[in-house]
Amino acid sequence: MVALCREIMNDDDKGKRFLELIDEQNNLQWNIVVKLSSLINLKWISSDLKNELESLVEKHSKITIELNSLDDNGSIL
């Protein structure tokens, strides 16, 4: 799906999508830091926070994969 989408997108669309993904990834990174800080303060005993952190890291990984797929010629990064 990502590969098909990448083929259809022109450079402007790729650039816009790249910036959207960077913004989303930045927000996720801040949320990850907040969750980690909370877990540290709670001595790592919150299952809910651990699950939320796992979900955020998974989303971050997916965004990273999509960002890398947009840069097929090494031109965006």
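None of the values given here were measured: they were computed from a predicted structure. (Residues numbered from 1 in each chain as written. Predicted model: local features only at pLDDT ≥ 70, side-chain atom pairs only at ≥ 80, totals over all residues. Heavy atoms only, no water.)

**Regarding the pattern of salt bridges**
- This structure, assessed with the given rule, holds 4 salt bridges.
- The shortest N-O distance in the salt bridge between glutamate 66 and arginine 17 comes to 3.0 Å. Taken together, the residues glutamate 66 in helix 3 (residues 47-70) and arginine 17 in helix 2 (residues 11-41) connect sequence positions 49 residues apart.
- Across the salt bridge formed by glutamate 58 and lysine 62, the nearest N and O atoms sit 3.6 Å from each other. Remark: lysine 62 and glutamate 58 occur in helix 3; sequence separation between them is 4 residues, near one turn of the helix.
- Overall, glutamate 58 belongs to the partly exposed group, its relative accessible area being 45%. (Salt bridge = Lys/Arg side-chain N within 4 Å of Asp/Glu carboxyl O. Helix = DSSP H or I, 4+ residues; strand = E, 2+ residues; numbered from the N terminus. Buried < 20%, exposed > 50% of the residue type's maximum accessible area, 1.4 Å probe, protein only.)

**Notes on the nonpolar core**
- Membership of the largest hydrophobic core is limited to 11 residues, which are Phe18, Leu21, Leu28, Ile32, Leu39, Leu49, Leu53, Leu56, Ile63, Leu67 and Leu70.
- Counting only elements with at least two residues in this core, the list comes to helix 2 and helix 3.
- Leaving out residues up to four positions away in the same chain, leucine 28 has contacts with Leu56, Lys59, His60 and Ile63. (Core = buried A, V, L, I, M, F, W, Y, C linked by side-chain atoms within 4.5 Å. Contact = heavy atoms within 4.5 Å.)

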